[in-house]
Structure formats: structure tokens, C-alpha cells
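Each chain is listed here by its residues.
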Amino acid sequence: MSVMDIFETMDYGPAPEAASTALSWLKAHQPFNLFINNQWVKPTSGQYLDSINPATGKVLTQVASANSADVDTAVAAASSTFAQWSATPGHVRARYLYALARQIQKHARLFAVLEALDNGKSIRETRDLDIPLVARHFYYHAGWAQLMASELPGYEPVGVVGQIIPWNFPLLMLAWKIAPAIAMGNTVVLKPARYTPLTALKFAEIVQEIGLPPGVINILTGEASQVGEALVRHPGVKKIAFTGSTDVGRSIRRTTAGSGKKLSLELGGKSPFIVFDDADLDSVVEGVVDAIWFNQGQVCCAGSRLLVQENIADRLHAKLLARMERLRVGDPLDKAIDIGAIVSSAQLQEIQRLVAQGIEEGAQVWQPSWACPTDGYFFPPTLFTNVSPASTIAQVEIFGPVLVAMTFRTPTEAVELANNTRYGLAASIWSENINLALDIAPKIKAGSVWINCTNMFDASSGFGGYRESGFGREGGKEGLYEYLRPAWEVEQAAFSTSTFTEIATGEEHSSSNGASENGATHEENDEPDASFPSGTLPAIDRTPKLFIAGKQARPDSGYSRSVFDSAGRLIGEVGEGNRKDIRNAVEAAHKASGWASGTTHNRAQILYYMAENLSVREDEFARRIVQQTGRSYADARNEVQATLSRLFSYAAWTDKYEGSVHRPPLRGVVLALPEAIGVIGIACPDEYPLLGFISLLAPAIAMGNAVVVVPSQVAPLSATDCYQVFETSDLPSGVVNIVTGERDALSQVLAEHDDVDAMWYFGTADGSQRVELASAGNMKRTWVNYGRPRAWLDTQQGEGQEFLRASTQVKNIWVPYGE
Ligand code: NDP
């Protein structure tokens with residue numbers, strides 16, 4: 001045999017990683033109990049579940065099966081330590097996080113092997129990607145614990161956090177959840193996925209070793225129906241952080257509706273991988289390997305839809321088939337394999353079912369000529385061509401190593417195809433033309449966009465979805481707010497009539513020095529104005545219509561709604577809006593999408609112009625407030641001035657809330673851009689009819705959204721009086737639409753509407769719950785007040801970054817550079 005023959009017939013030999021240390025560790029701990037208060041506690045049920053190695057189908061060990069009684073115990077432990085942990089200085093918390101990061105690095109190889117055994121993913125990935133990223137998350141968040149006091153003033157931790165994680169990145173998802181939560185002073189009860197509990201249990205051992213105060217981190221293994229659901233329902237849990245399927249995310253949204261629990265959901269995806277004809281095709285092929293065959297395709301942001309420019313499709317498909325033939329599927333502990341085992345037999349069957357359906361629907365399937373091992377749960381890399389964009393395999397998340405390919409001709413068509421999904425988690429764009437790539441990136445509805453790269457993650461750069469991929473971000477500074485609430489937002493009773501009055505007169509909730517925003521004291525404000533006794537105005541014989549697409553429109557119902565003053569006298573009428581009016585308003589709002597892509601300077605100019613036009617009618621607006629609320633003229637005047645100030649604030653923010661540039665450990669940058677959400681439905685509070693209305697409308701439009709606003713039901717005339725202000729301020733039609741009528745009924749329609757991207761509601765506790773429930777249809781983001789008051793005059797409560805964050809979602813655009 002010649003050297004050449006040997007060279008050509010050379011193949012990979014096995015390069016197995018030894019499992020002995022991990023197996024001994026498992027044996028020494030078997031069976032695993034629950035981790036509560038830094039103790040290993042037997043489950044109340046006395047039952048244990050098998051943990052299976054998906055590469056062999058054999059049992060690795062047993063772990064405890066917790067139930068709701070164990071959830072109660074763990075939540076009690078987390079609650080009792082919360083006061084102490086949240087008051088622990090940031091530097092001390094930083095030291096604990098740092099210690100966790102160091103210990104993870106010291107045990108990196110054991111973690112990597114355990115993860116490969118338990119999940120079936122390749123040791124190459126666990127060793128080089130999962131575990132280093134886990135450590136990085138704890139280091140990064142140690143930094144935020146250290147800086148919390150100086151960089152996040154006015155915020156406090158939410159309390160006990162329930163965290164539910166999936167099986168595809170078991171330890172990494174634990175790190176994404178636990179690191180920010182404890183850095184910000186929360187305590188945690190975490191449920192690992194049923195299939196993959198082992199690295200979480202090793203992590204618990206580390207928690208014990210570093211001496212983290214008992215109760216800060218509690219880990220409950222077990223089944224969704226026993227642990228997951230109890231955690232979601234538990235009244236002591238103040239926030240749920242969930243990663244998993246969209247269906248379960250939707251059910252968690254419904255269960256937590258109205259409870260006041262904060263919620264972040266990282267759900268499924270069907271991410272586009274877009275290849276333009278000038279892309280470097282060899283890099284593209286390796287990109288595809290990383291996009292869909294990494295982690296057996298069991299990645300929420302897997303590039304599972306290959307969109308190729310038509311003129312290069314055949315060439316790219318041929319290259320991909322050649323590369324697929326050379327991929328190696330096998331023992332996850334073999335360092336030379338590319339694709340490991342599917343996590344479970346159920347998941348394997350689901351992949352097989354969807355692939356069979358793809359074939360039945362007429363797509364062309366391609367698989368390598370070789371066969372997978374038959375011992376465990378393996379599936380070969382698979383490519384579908386000739387796929388119709390509406391077919392099941394093009395729409396449904398397969399969560400396996402299955403790529404579906406489609407073609408496009410123009411960049412516009414690429415964007416349309418890319419966005420033709422209910423999801424919006426991630427996208428990859430491949431082109432050597434950076435102008436084209438950076439033009440396309442903002443047009444794709446996705447939380448992360450990777451240019452000439454894919455599946456890049458870093459703790460500094462937030463990750464999370466749009467649309468049915470969920471809401472909230474993990475990582476980056478934006479991820480911290482998921483575990484914080486404004487310090488003023490103490491738990492308060494829902495509105496009663498008397499609280500309305502207190503707030504309306506500013507008695508309870510103005511700035512701490514007792515002065516309101518324009519410097520006047522309450523006493524001055526409350527002084528009745530002798531020249532203008534309230535409640536003596538004659539009724540105004542004018543019925544404002546609705547405001548839709550920049551024009552006044554008659555309500556579809558043909559009915560009017562009477563508006564009364566505080567003494568019960570009729571002072572006017574407004575249109576009685578209904579479902580049809582809301583639909584028209586939403587349609588008009590969608591047509592105003594150019595507003596988001598206009599310049600921030602232009603948006604600022606229009607907000608200033610609105611303030612200018614309102615200020616010339618200051619007296620009239622003040623009188624209108626007096627008329628509707630019975631408050632003093634001075635107080636009403638104060639509200640108008642606060643409204644003018646608020647318009648100025650958001651005109652100012654328009655070109656200053658710009659995002660940031662991250663420098664993750666790669667050659668390149670990540671642009672974290674806050675983008676408009678789209679169309680936001682807004683139901684306004686009854687207190688402060690003008691200020692409440694503008695305080696919500698202004699940040700939303702400042703950030704580029706279009707809005708459909710339901711003004712205060714009892715005092716809508718301040719909002720309808722603004723029609724002329726909008727008409728004379730160069731505001732493009734459709735950016736602001738106003739539908740008067742019954743607040744809760746109209747809010748319900750907005751919350752259920754599939755083309756409304758977010759819903760804000762400031763009304764009753766019941767109304768808040770209904771909005772959260774109804775929002776689950778398309779998983780729209782909600783912001784509700786649970787019937788609790790907010791001091792709109794106070795600049796800390798009534799304006800600022802909390803409003804801007806609610807008006808935007810951060811898109812992270814990864815731009816590597818260098819030859
Ligand atoms: P699930 O959404 O069912 O599971 C994710 C986590 O939620 C697990 O810890 C699970 O517990 C728990 N859980 C399940 N039901 C409830 C519930 N009603 N209340 C509270 N917690 C619950 O995902 P699957 O594992 O069933 O995977 C199904 C599909 O979900 C995949 O094929 C894929 O499409 C998608 N998925 C998406 C992920 C992502 O990263 N976005 C991750 C995983 C799956 P248990 O493990 O005990 O069932």
C-alpha cells in the first residue's frame with residue numbers, strides 16, 4: 001500500500017473521552033435527593049425517576065421526584081432567606097458568583113462528561129461551548145452584582161423566582177437563569193428538565209461547597225405535572241422564568257395571568273438562514289453545520305430554514321450533500337463525532353413523524369448513505385428541498401437535525417420568507433456585501449441576527465424572542481431587568497375609589513419632598529381658584545368621533561357614550577367604539593410602519609411640536625380636567641404642565657435611547673439596538689386623564705411604535721381634545737389612533753388581536769388579568785398595573801426608562817470582522 005493509498009483511505013479512529021470519573025460520581029451519590037436549603041432532602045413522595053443515557057438507552061442513575069409539598073418547602077426556604085440575601089452587599093454577592101464561576105471551571109471536565117452522558121450531545125460541544133459559556137455567565141453577572149448599587153439605582157429584586165429549564169442546554173440554561181437572578185439579590189427554586197437533571201445536581205454540590213447561604217438556590221428534580229405546575233402556581237413565587245416549548249409557555253402565561261408574577265418566556269423558533277448569491281459558499285456550508293446540526297438540531301434558535309438565492313441554490317445544495325455525507329453521528333463521548341444522540345425516544349419519534357409528513361407533503365428528502373448507530377436514539381442529518389413555504393415542515397419547529405430549504409429571488413422576497421413564521425427568535429444572513437446584510441438585519445423579526453455567522457452567544461449580549469418565540473431577554477443589561485422591579489412599586493392594594501381621589505389630588509404619591517414637578521406645593525395646587533369655581537360649566541355641545549388613520553371617524557356602532565362631571569352632570573359625549581373600530585384602528589396603525597424607520601430627529605421634532613400646540617391651549621385643557629374630575633384649577637393646570645414636560649422628556653429620549661455596542665470574546669461587535677415593537681394597544685388610567693394618556697402614548701410613539709389608545713373611560717375628553725393637537729403637529733396618519741368607549745371590552749379586543757404586538761393596560765385588577773389571559777393567543781407582550789396606582793406626576797413613577805423598555809425590544813446584531 002502506497003502512502004497515497006493510506007492517505008486516501010484514512011478515516012477517523014475512535015477518540016473516546018473516559019466516562020469513569022463521572023460514572024463513579026453518579027454511583028457515589030445515587031439516588032439523588034432534592035436540594036433545599038443547601039441540604040439533600042428526600043422527596044415527600046418517596047419516589048425516584050430514572051435518568052437515561054440517550055446514546056445507549058440505559059439507566060444512568062435515579063433522581064428524586066418532587067411534588068407540590070416539596071415545592072412548598074423549597075419556596076419557604078427561598079422566602080426565608082430572601083430578606084438576608086437581597087440585603088447582602090453587591091460586593092459580597094459578586095464574590096459568591098465569582099466562586100461559582102471558579103468552581104465550574106475547576107470541575108469543567110466532569111460537567112462536560114456528565115452533560116454528554118445525560119443529554120446525548122457531543123463532548124466537543126459540552127467541553128468547548130456549553131461549560132465555558134456557563135462559567136462566563138457567572139463571571140459576567142458577578143460584575144453586575146458588584147455594580148448593581150451604582151448602575152441600577154431605584155431597582156430592587158423581585159423575591160423568590162421560579163425557574164423552569166429545558167433539556168437541550170441543561171447547565172447553560174441553568175446559568176442563564178440563576179446567574180442574573182442571584183446577582184440581583186433574588187432567591188431561586190429551579191426545576192431542571194425531566195430528561196437532563198444531572199449537571200444541575202453537580203452544580204448544587206458546588207453551591208454547598210462554596211458556602212452560598214442556604215435557601216438562595218434550591219433545585220427540585222421531578223416531573224412537569226408535579227413540580228413545574230406547582231412552581232408556576234405558587235403564590236410565594238414572584239417571577240417565573242421559563243425556557244421551553246411555545247405551548248407550555250402559553251399555558252404558563254394563562255396560569256399566571258392576573259397574579260402579578262413577572263414572566264419571561266424563551267420559546268420555540270423556526271429561524272431563517274438566508275444566503276445571498278455573493279456569499280462565500282464554503283463558509284456557508286460550515287455555517288449550516290453549526291446552525292442545524294449543532295446539538296442535533298435541538299436548539300431553539302437553530303437555523304432550520306435555509307433560504308437560498310435561486311441562482312446559487314443547486315450549487316449550495318450539492319455542497320451541502322457532500323458535507324452531510326462526511327458528518328459523523330455516534331457516541332457523544334467520542335471527540336471525533338459531529339452529531340450525538342437525540343435526547344429521548346419520544347423526541348426521536350417526533351422527528352421521525354415530522355420527516356415522514358414532509359415526504360408525504362411532496363418535499364424531496366436527502367440523507368447520507370451511511371446508517372446511524374442503532375443502540376441509542378440517533379437520527380441522521382437531513383435536508384429537504386422543494387419545500388413549499390406553507391408546508392408543515394416549513395412552519396413547525398422540528399427540533400432535530402432536519403433542514404428545510406427554500407429559494408428566493410430578491411432581498412425583499414428573502415425578508416418576506418424569513419418573516420413568514422409565527423416565531424421570531426434568531427436569523428443568520430450570509431453575504432459578502434455588508435451593506436446588504438446590514439440593510440436586511442433590521443427588517444427581520446428576530447431577537448438575534450447573526451451576520452456571516454450563526455449560533456453565537458455571550459453573557460454580554462441579550463438573547464430572546466419576538467412574537468411566539470416569547471418575551472424578555474437573557475444576558476446583557478436588559479436581562480437584569482427581568483429580575484428587578486422599581487423600588488417604589490411596593491405591593492399595594494388594588495384601586496379603591498378613595499385611592500383614585502388621593503392620587504388625583506397628588507396627596508399620597510408625589511415626589512418625596514412634597515413638591516410636584518413644576519415646583520408648586522400641594523397646598524398651592526389644591527387652593528380653589530375663585531375666578532373659576534369648578535362644576536359650573538355648561539355642557540359642550542360637541543361629540544368627538546374616534547380618531548383613526550389621522551381622521552375623525554364615526555363609531556361603527558352609531559352610538560355615543562355620555563361623559564359626566566364629578567357631580568354627575570352631563571358634560572359631553574364621545575363615540576362608543578366597538579370591535580370593528582378597533583380592527584380599523586389596528587389596520588391603520590399597521591399602515592404607519594414607516595414611522596419606525598423614519599429618523600429619530602423627525603420623531604423628536606413632532607413630539608416638540610405636539611407640546612407647542614398643546615401649550616397654546618393650556619388653559620382650555622386645564623378647564624377640561626377640572627370639568628371632568630372636579631379638581632381645582634391650579635391642580636389641573638399642574639397636570640397640563642406636567643404633560644408638556646413629559647412630551648419634552650420623550651422628545652429628548654427619542655434620539656438618546658439608542659442601545660449599545662457589546663464586545664464579546666470574538667473578533668467583532670454586537671450591536672444591541674432597541675427596536676420598536678410594532679403596534680401597541682394602550683388602555684389609559686382614569687386618574688390624570690391628560691397626563692396618564694400622554695405618559696403612555698408619548699414613549700410608545702417616541703420609540704417608533706404606532707398605537708391604538710383607549711382613553712380613560714370616565715374622563716375621555718382630555719384625550720379627544722388632543723385630536724387637533726395631533727392633526728396640527730405633522731404626526732403621520734395612523735401613528736396614533738384613539739377609540740373611546742368601554743375600556744375593558746375594548747382592551748379585551750386589543751389583547752386578543754393577532755396583529756397587535758403588545759398591550760398595555762392601566763385599569764382594574766380584573767381587567768389586568770383578562771388582558772394577560774387574552775394575550776396568550778399570539779404571546780404578545782403585556783404591561784399591566786394589576787389595579788395598582790401609579791403616581792403619574794412623579795417623574796420616577798410616571799416617566800423614564802421603564803416606559804422606554806416597555807416600548808422596545810432589543811435586537812442583537814452580531815457582526816464579526818477580519819479576514
Ligand atoms: P417543554 O416545554 O415541555 O419542557 C420544558 C420545561 O418545562 C421542562 O422542564 C418541563 O418539565 C417543563 N414543563 C413542561 N410542562 C410544564 C407545565 N405545564 N408547567 C410547568 N413546567 C412545565 O418541552 P419538551 O421537553 O416537551 O419539548 C417539546 C418541544 O418543545 C421540543 O420538541 C421543542 O420544539 C420545544 N423546546 C424548545 C426549547 C427551547 O429552547 N426553546 C427547549 C426544549 C424544547 P419536564 O422536563 O419534566 O417535562
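Placed above this text is the structure.
Presented here is an overview of the structure given in this document. Because the structure is predicted, anything quoted here is derived from the model rather than measured. By convention here, each chain's residues receive numbers from 1 onward along its written sequence. Totals for whole chains, interfaces and linings use every residue, but because this is a predicted model, local features are given only for residues with pLDDT of at least 70 and side-chain atom pairs only at 80 or more, for both listing and counting. The basis for every side-chain value is the complete set of heavy atoms in the structure, and neither hydrogens nor water enter the calculation.

A word on the packing of helix 5 (residues 108-119) against helix 6 (residues 123-151)
Here comes step 1: For helices, the fitted axis covers only the stretch in contact; all axes are lines through C-alpha atoms, and the angles between them, taken along N-to-C directions, range from 0 to 180 degrees. Each helix is a run of DSSP H or I of at least 4 residues and each strand a run of E of at least 2, with the numbering of both proceeding from the N terminus. Where helix 5 contacts helix 6, the two axes come as close as 8 Å, and the packing angle between them is 130 degrees. Looking at the two axes, helix 5 sits oblique to helix 6. The hand of the helix 5/helix 6 crossing is right-handed. On helix 6, the residues touching Ala108, Arg109, Phe111, Ala112, Val113, Glu115 and Ala116 of helix 5 are Ile123, Thr126, Arg127 and Ile131.
Here comes step 2: The residue classification treats Ala, Val, Leu, Ile, Met, Phe, Trp, Tyr, Cys and Pro as nonpolar and Asp, Glu, Lys and Arg as charged. All others, Gly included, are polar. Here the residues of the contact of helix 5 with helix 6 sort into 7 nonpolar, 1 polar and 3 charged. Just so you know how the angles are binned, under 35 degrees is roughly parallel, over 145 roughly antiparallel, 65 to 115 roughly perpendicular, and the rest oblique. Put simply, a crossing is left-handed when the front helix is turned counterclockwise from the back one by less than a right angle, and right-handed when it is turned clockwise. Here, residues are in contact when the closest pair of their heavy atoms is within 4.5 Å.

Examining the pattern of salt bridges
Here comes step 1: Salt bridge, as used here: a side-chain nitrogen of Lys or Arg that lies within 4 Å of a carboxyl oxygen of Asp or Glu. Taken as a whole and judged by the stated rule, the model has 38 salt bridges.
Here comes step 2: Note that Arg646 is salt-bridged to Glu799, the shortest N-O span being 3.0 Å. Placement of the pair is Arg646 in helix 24 (residues 633-654) and Glu799 in the loop between helix 30 (795-798) and helix 31 (801-807), with a sequence separation of 153 residues. One exposure class covers both Arg646 and Glu799, and it is buried.
Here comes step 3: We note a salt bridge from Glu802 to Arg790, for which the minimum N-O separation is 3.1 Å. In this scheme, a residue with accessible area under 20% of its type's maximum is buried, one over 50% is exposed, and one in between is partly exposed, where area comes from a 1.4 Å probe on protein chains only.

Describing the site of the ligand
Here comes step 1: Whether a residue is near a molecule or strand depends on its heavy atoms: it is near if one of them lies within 4 Å of it. Near the ligand, the surroundings consist of 26 residues, among which Ile165, Trp167, Arg194, Ser245 and Glu397 are the closest.
Here comes step 2: As used in this structure description, the phrase polar contact means that two N or O atoms lie within 3.5 Å; if the pair is within protein, one of them must be able to donate a hydrogen and the other to accept it, and residues adjacent in sequence are counted only when both atoms belong to side chains. A distance of 2.8 Å is found between an oxygen atom of the ligand and a backbone nitrogen or oxygen belonging to Ile165.
Here comes step 3: In this structure, Leu267 approaches the ligand through a main-chain N or O atom, which is 2.8 Å from a nitrogen atom.
Here comes step 4: Areas reported here follow the Shrake-Rupley algorithm with a probe of radius 1.4 Å; residue values treat only the protein chains shown as occluding. Burial of the ligand by the surrounding chains reaches 84%, relative to a free accessible area of 850 Å².
Here comes step 5: For the shell around the ligand, the elements supplying multiple residues, two or more each, are helix 9 (224-233) and strand 9 (239-243).
Here comes step 6: It is helix 9 that provides the largest number of residues to the shell around the ligand, a total of 3 residues.
Here comes step 7: A class-by-class count of the residues in the shell around the ligand yields 12 nonpolar, 8 polar and 6 charged.

Observations concerning helix 7 (residues 170-183)
Here comes step 1: Here a helix's expected span is defined as the number of its residues, less one, multiplied by 1.5 Å. Taking 1.5 Å as the rise per residue, helix 7 with 14 residues should run 20 Å; its terminal C-alpha atoms sit 20 Å apart, in good agreement.
Here comes step 2: Buried residues dominate helix 7, accounting for 14 of its 14 residues.

A closer look at the side chain of Ser122
Here comes step 1: Note that Ser122 resides in the loop between helix 5 and helix 6.
Here comes step 2: Judged by its relative accessible area of 0%, Ser122 is buried.
Here comes step 3: What Ser122 contacts, discounting residues up to four positions off in sequence, is Pro332 and Ile337.

Describing the side chain of Asp118
Here comes step 1: Note that Asp118 resides in helix 5.
Here comes step 2: A positive count includes Lys and Arg, and a negative count includes Asp and Glu. His and the chain ends are not counted in either. It turns out Asp118 is buried and unbridged, and the closest side chain with the opposite charge, Arg194, is 8.1 Å from it.
Here comes step 3: A distance of 3.1 Å separates the side chain of Asp118 from the backbone nitrogen of Leu198, its partner in a polar contact.
Here comes step 4: Sequence-distant contacts of Asp118, defined by excluding residues within four places in its chain, comprise Ser51, Ile52, Pro54, Leu60, Tyr195, Thr196, Pro197 and Leu198.

Points about the sheet that holds strand 25 (residues 668-676)
Here comes step 1: Criterion used throughout: strands pair if DSSP finds at least two bridges between them. Pairing in this open sheet of 10 strands is mixed, and the strands run 13-14-15-12-11-16-17-31-25-24 from one edge to the other. At either margin of the open sheet sits one strand with a lone partner, and together these are strand 13 (364-366) and strand 24 (660-662). Sheet twist, expressed as the mean angle between neighbouring strand axes with direction ignored, is 20 degrees.
Here comes step 2: Bridging between strand 17 (residues 448-451) and strand 31 (residues 808-816) involves 3 bridges; their strand directions are parallel. Across the sheet, residue Ser448 finds its bridge partner in strand 31, namely Asn812.
Here comes step 3: Running over the sheet, helix 12 (residues 313-326) touches strand 11 (272-275), strand 12 (305-309), strand 13, strand 14 (382-385) and strand 15 (402-408) and is turned about 140 degrees from strand 12.
Here comes step 4: Against the sheet, helix 15 (residues 411-418) engages strand 11, strand 12 and strand 15, with an angle of about 145 degrees to strand 15.

Digging into a nonpolar patch on the surface
Here comes step 1: Like-charged residues are merged into a patch within 9 Å and nonpolar side chains (Val, Leu, Ile, Met, Phe, Trp, Tyr) within 5 Å, provided each residue has over 30% relative accessible area and no salt bridge. Side chains of Met1, Met4, Ile6, Phe7 and Met10 sit close together on the surface and give an oily, nonpolar patch of about 620 Å² of accessible area.
Here comes step 2: One can find Met1 in the segment before helix 1 (3-9).

A word on the pairing of strand 23 (residues 570-575)
Here comes step 1: Sheet analysis places strand 22 (residues 560-564) next to strand 23, joined by 5 bridges and oriented antiparallel. Following the sheet pairing, Val563 is matched in strand 23 by Gly572.
Here comes step 2: Taking the residues that link successive antiparallel strands as the turn, the strand 22-strand 23 hairpin has 5 residues, and the phi of Gly568 there is positive, at about 90 degrees.

Brief notes about the packing of aromatic side chains
Here comes step 1: Think of it this way: a Phe, Tyr or Trp ring, Trp meaning its six-membered ring, pairs with another when their centres are within 6.5 Å, and the plane angle makes it stacked under 30 degrees, edge-to-face over 60, tilted otherwise. Considering all chains together, one arrives at 26 aromatic pairs under this definition.
Here comes step 2: Arranged with centres 6.4 Å apart and planes meeting at 80 degrees, the rings of Tyr140 and Trp144 form a pair that is edge-to-face. Placement of both Tyr140 and Trp144 in helix 6 is noted, with a separation of 4 residues, approximately one turn of the helix.
Here comes step 3: A relative accessible area of 17% places Tyr140 in the buried class.
Here comes step 4: By way of ring pairs, the aromatic residues Trp760, Phe762, Trp783, Trp792 and Phe803 are connected into one cluster.
Here comes step 5: Note on geometry: a ring has a charge over it if NZ (lysine) or CZ (arginine) is within 6 Å of the ring centre and within 35 degrees of the ring normal. The cationic tip of Arg805 hangs over the ring face of Tyr481; the distance from NZ or CZ to the ring centre is 3.5 Å.

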